[in-house]
Amino acid sequence: MSRRIFILALWIRVWHWINVLLILCLIASGLSLHYARPGAGIIRFSLARDMHNIAGIGLCIDYAYFFIGNIVSGNWWQYIPRPHGYMQRCWVQFRYYMWDMFHGAPHPFPTTVADNFNPLQQLIYWGLMYVLMPLMIVTGLTYLYPTVAPDRWFGVDGLLPIAFVHFVTAFLIFLFVLVHVYLGTTGDTLTSKISTMITGWHEEEADACEPLAQESGLAAGATATDVSKS
Ligand code: HEM
């Protein structure tokens, strides 16, 4: 018997896939700009600069949409680690990724409408969306309008610390994407998580999580009638 629940509202899916396109453009153009040499680079310098500026502005708008959407829908709650036994639950999830997953063990924290992130996802998505992304956006905007940066900062040119933070946050986001795409293939089948991110519906064998299916909290945009069993 399988369990099918609706967990991702359309607005989150639209935000996510626009975000993916923009981040990929930013990574390709950003690497090109970072390693630019006369006559070298993955993408021509002037094209990479325009791509980076346009995708960067697009990312600011998409992020504002994500931020407001999370407040309005209450989805921000998904990102807050639940305090009770949190470290213990992180350890269980970590052990699952490192060992149990390869030995056919069921997911330790089955997805529910109320809680669709596991404890590690809560922490990492929170750090990503509420620390790294804002830092990358603010430093990127400062780069776009350099006159707002102080002339000198920490005894060096004011733009240098900005450049450093921009590079480090972008690099961490790049690392996140690599791990995130890999973990996106660790659902019940290779593509089941990706298909959830496209359709909003999460499907899994019910046996492992029958009691949890009764949970009554709602994810953003999901309704109680969306919960169905087949
Ligand atoms: C090719 C690139 C990407 C793929 C294939 C992908 C795939 C997925 C999948 C399958 C999920 C849902 C399952 C899960 O969380 O385990 C997800 C959720 C999520 N992804 Fe991605 N992702 C990509 C890039 C990104 C990027 C670049 C970011 C942010 C910088 C991002 C941020 C998120 C967030 C915050 C969620 C949770 C959304 C929510 O439910 O509120 N993803 N992604």
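Up top is the structure.
What you see is a predicted model, and the numbers here were worked out from it, not measured in a lab.

Calculation criteria
Residues numbered from 1 in each chain as written. Predicted model: local features only at pLDDT ≥ 70, side-chain atom pairs only at ≥ 80, totals over all residues. Helix = DSSP H or I, 4+ residues; strand = E, 2+ residues; numbered from the N terminus. Buried ≥ 20, exposed ≤ 12 C-beta atoms within 10 Å, placed from the backbone. Contact = placed C-beta atoms within 7 Å. Core = buried A, V, L, I, M, F, W, Y, C linked by C-beta atoms within 7 Å. Axes fitted to C-alpha atoms, helices over the stretch in contact; angles between N-to-C directions. Parallel < 35°, antiparallel > 145°, perpendicular 65-115°, else oblique. Left-handed = near helix turned anticlockwise from the far one by under 90°. Nonpolar A, V, L, I, M, F, W, Y, C, P; charged D, E, K, R; others polar. Near = placed C-beta within 6 Å. Expected span 1.5 Å × (residues − 1). Bend = angle between axes of the 7 residues up to and from the residue.

Topic: the overall build of the protein
When its secondary structure is counted, the protein shows six helices and five strands. Ordered by position in the sequence, the α and β elements of the protein form the string β-α-α-α-α-β-β-α-α-β-β. Out of the 230 residues in the protein, the part that is buried amounts to 21%. Within the protein, counting contacts between residues at least 6 apart in sequence, those at least 24 apart form 72% of the total.

Focus: unusual backbone geometry
Even without glycine at this site, Phe-154 takes up a positive phi of about 50 degrees. One can find Phe-154 in the loop between strand S2 (152–153) and strand S3 (156–157).

A short note on the nonpolar core
Counting six residues, the largest nonpolar core is built from Ile-5, Phe-6, Ile-7, Leu-8, Ile-12 and Val-113. Ile-23, Leu-26, Ala-55 and Leu-59 belong to the second-largest nonpolar core, a separate cluster that totals five residues.

Some details on the packing of helix H1 (residues 10–34) against helix H2 (residues 45–73)
Where H1 meets H2, the closest approach of the two axes is 8 Å, and the angle between their N-to-C directions is 150 degrees. Taken together, H1 and H2 sit at an angle that is classed as roughly antiparallel. In terms of crossing hand, the pair formed by H1 and H2 is left-handed. Residues Trp-11, Trp-15, Ile-18, Asn-19, Leu-22, Cys-25, Leu-26, Ser-29, Gly-30, Ser-32 and Leu-33 of H1 touch H2, and the partners they reach there are Ala-48, Arg-49, Met-51, His-52, Ala-55, Gly-56, Gly-58, Leu-59, Asp-62, Tyr-65, Phe-66 and Gly-69. A per-class count over the contact of H1 with H2 returns 13 nonpolar, eight polar and two charged.

Topic: the site of the ligand
The local shell around the ligand holds 22 residues, among which Val-20, Ile-23, Gly-184, Lys-193 and Met-197 are the closest. For the shell around the ligand, the secondary-structure elements that each account for two or more residues are H1, helix H4 (119–144), helix H5 (159–183) and helix H6 (192–199). For the shell around the ligand, the residue count by class is 13 nonpolar, eight polar and one charged.

Here we look at H5
Compared with the 36 Å implied by 1.5 Å per residue over 25 residues, the 36 Å span of H5 between its first and last C-alpha is a close match. Within H5 the residues assigned to the buried category are Ile-162, His-166, Thr-169 and Ala-170. Turning to H5, the residues buried within the fold contact H1 and H4.

Comments concerning H4
Working note: α-helix, 3.6 residues per turn, so residues spaced by three or four point in the same direction. Over its 26 residues, H4 extends 36 Å from the first C-alpha to the last, a length consistent with the 38 Å expected when each residue adds 1.5 Å. Of all the bends in H4, the greatest, near 35 degrees, is centred on Leu-128. Every buried residue of H4 is listed here: Pro-119, Gln-122, Met-133, Met-136, Thr-139 and Gly-140.

Section: the environment of Phe-164
By the element assignment, Phe-164 lies in helix H5. Classification of Phe-164 by C-beta neighbours within 10 Å gives exposed; the count is 12.

Things to note about the environment of Arg-49
With respect to the helices, strands and loops of the structure, Arg-49 is situated in helix H2. Residue classification places Arg-49 among the partly exposed positions, given that 15 C-beta atoms sit within 10 Å. With 20 residues separating them in the primary sequence, Arg-49 and Ser-29 have C-alpha atoms 7.0 Å apart.

Description of the packing of helix H3 (residues 86–98) against H4
In contact at an axis separation of 7 Å, H3 and H4 are set at 100 degrees when each is read in the N-to-C sense. Considering their axes alone, H3 and H4 lie roughly perpendicular with respect to each other. Here H3 contributes Tyr-86, Arg-89, Cys-90, Gln-93 and Phe-94 to the contact with H4, which in turn contributes Pro-119, Leu-120 and Leu-123. Of the residues contributing to the contact of H3 with H4, the split by class is six nonpolar, one polar and one charged.

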